[in-house]
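# Architecture and fold: a report
Chain by chain, the residues run as shown.
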Amino acid sequence: MVVRHPFERVVSAYRDKVQNADKIQFYNVIGDFAKTKYRKIPEHMKDRKEALVAAANDVVRHHGPPNQGNPYENPLGATFKEFSKAVLLDKIWNEHWVSYEKFCAPCAMKYDVIAKFETLDRDNMFVVKTAGLNQTKWAGHSNPTSSGGTGEETWKYFFRQLDRGLLELYREMYKVDCQLFGYDCSVGEFHEGEMDI
């Protein structure tokens, strides 16, 4: 089993599967829902929300997203905050962001090795040596996403966009994973804003 810091994992899943609306299966499952339910529409356009959402969906489904990293205030894909609300409030879960506790049952199954994504090269060499495959060369790993890599600086950038209520919900969602695998999942450094769930 390979684990990863839960906050880094959820941001990586968001960036790869949802952010640019370029993975249509994820757009259909969560992107469209999150955007439709949680996107704030300017007051003067509220009566046209349904038509605007339909037009955006037509662009995504039939023409694809306009470009990677859409810089506009209302991107075609769900924002991280919209995605987070759908995950945390509406419980739209997927193996890419659900907790390991729920998906992999680490307390119920006996894993021979639990490797960490952050030390994957070292952990894989341990597995190779333990298995007696000393002649095997490990070429290293890469985990590219459609939006680039996701490290601590990146996931913290995204978490700073969330209010205190959503941060606490993420902390609670991943609490057992953090305890089991030794990750710091405190969210105190992000508690600048008020709760506005």
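Above: the structure in question.
Fair warning: this is a prediction, and the values are worked out from it, not measured in the lab.

### A short note on the overall build of the chain
- The helix and strand tally for the chain stands at nine helices and two strands.
- Taken from the N to the C terminus, the helices and strands of the chain come in the order β-α-α-α-α-α-β-α-α-α-α.
- Across the 197 residues in the chain, those meeting the buried criterion constitute 42%.
- Considering only contacts within the chain whose residues lie at least 6 apart along the sequence, 79% involve residues at least 24 apart.
- Of the accessible surface of the chain, which amounts to about 11,300 Å², a share of 53% is contributed by carbon and sulfur atoms.

### With respect to the environment of L167
- As for its position among the elements, L167 is in helix α8 (residues 164-173).
- Exposure remark for L167: the relative accessible area of 0% places this residue in the buried category.
- C-alpha separation for the pair L167 and V187, spaced 20 residues apart in sequence, amounts to 6.3 Å.

### Let's talk about the pattern of salt bridges
- In this structure the tally under the stated criterion is seven salt bridges.
- One salt bridge in this structure joins R4 and E8, with 3.2 Å as the shortest N-O distance.
- Residue classification places E8 among the buried positions, given a relative accessible area of 9%.
- K17 is paired through a salt bridge with D16; the nearest N and O atoms lie 2.8 Å apart.

### Quick look at the packing of aromatic side chains
- Inspection of the entire model under this criterion finds 16 aromatic pairs.
- With a centroid separation of 5.6 Å and 75° between ring planes, the pair formed by F80 and F158 is classed as edge-to-face. Remark: F158 occurs in helix α7 (residues 152-159) and F80 occurs in helix α4 (residues 80-89); sequence separation between them is 78 residues.
- For F80, a relative accessible area of 1% translates into the label buried.
- Judged by its relative accessible area of 7%, F158 falls in the buried class.

### A short note on the state of the cysteines
- In this structure the tally under the stated criterion is one disulfide.
- The disulfide partner of C178 is C185, and the S-S distance across this bridge is 1.7 Å. What sets the handedness of the C178 and C185 disulfide is the S-S torsion sign, and at about -65° it is left-handed. As far as the burial class goes, C178 and C185 line up, both buried.

### Here we look at helix α2 (residues 24-38)
- Of all the bends found along α2, the most pronounced is centred on I30 and spans about 40°.
- Listing the buried residues of α2 in full gives F26, Y27, I30, G31, D32, A34, K35 and Y38.

### Side note on the nonpolar core
- Ranked by internal contacts, the top residues of the largest apolar core, which has 36 residues, are F80, F83, W97, F159 and Y170.
- Counting residues per element, the ones that place at least two in this core are α1 (6-18), α2, α4, α7, α8 and α9 (175-181).
- A per-element tally of this core places α1 first, with six residues.

What counts, and at which threshold
- Residues numbered from 1 in each chain as written.
- Predicted model: local features only at pLDDT ≥ 70, side-chain atom pairs only at ≥ 80, totals over all residues.
- Heavy atoms only, no water.
- Helix = DSSP H or I, 4+ residues; strand = E, 2+ residues; numbered from the N terminus.
- Buried < 20%, exposed > 50% of the residue type's maximum accessible area, 1.4 Å probe, protein only.
- Contact = heavy atoms within 4.5 Å.
- Areas by Shrake-Rupley, 256 points an atom, 1.4 Å probe, with all protein chains shown as cover.
- Salt bridge = Lys/Arg side-chain N within 4 Å of Asp/Glu carboxyl O.
- Phe/Tyr/Trp six-rings, centres within 6.5 Å; stacked < 30°, edge-to-face > 60°.
- Disulfide = S-S within 2.5 Å.
- Bend = angle between axes of the 7 residues up to and from the residue.
- Core = buried A, V, L, I, M, F, W, Y, C linked by side-chain atoms within 4.5 Å.

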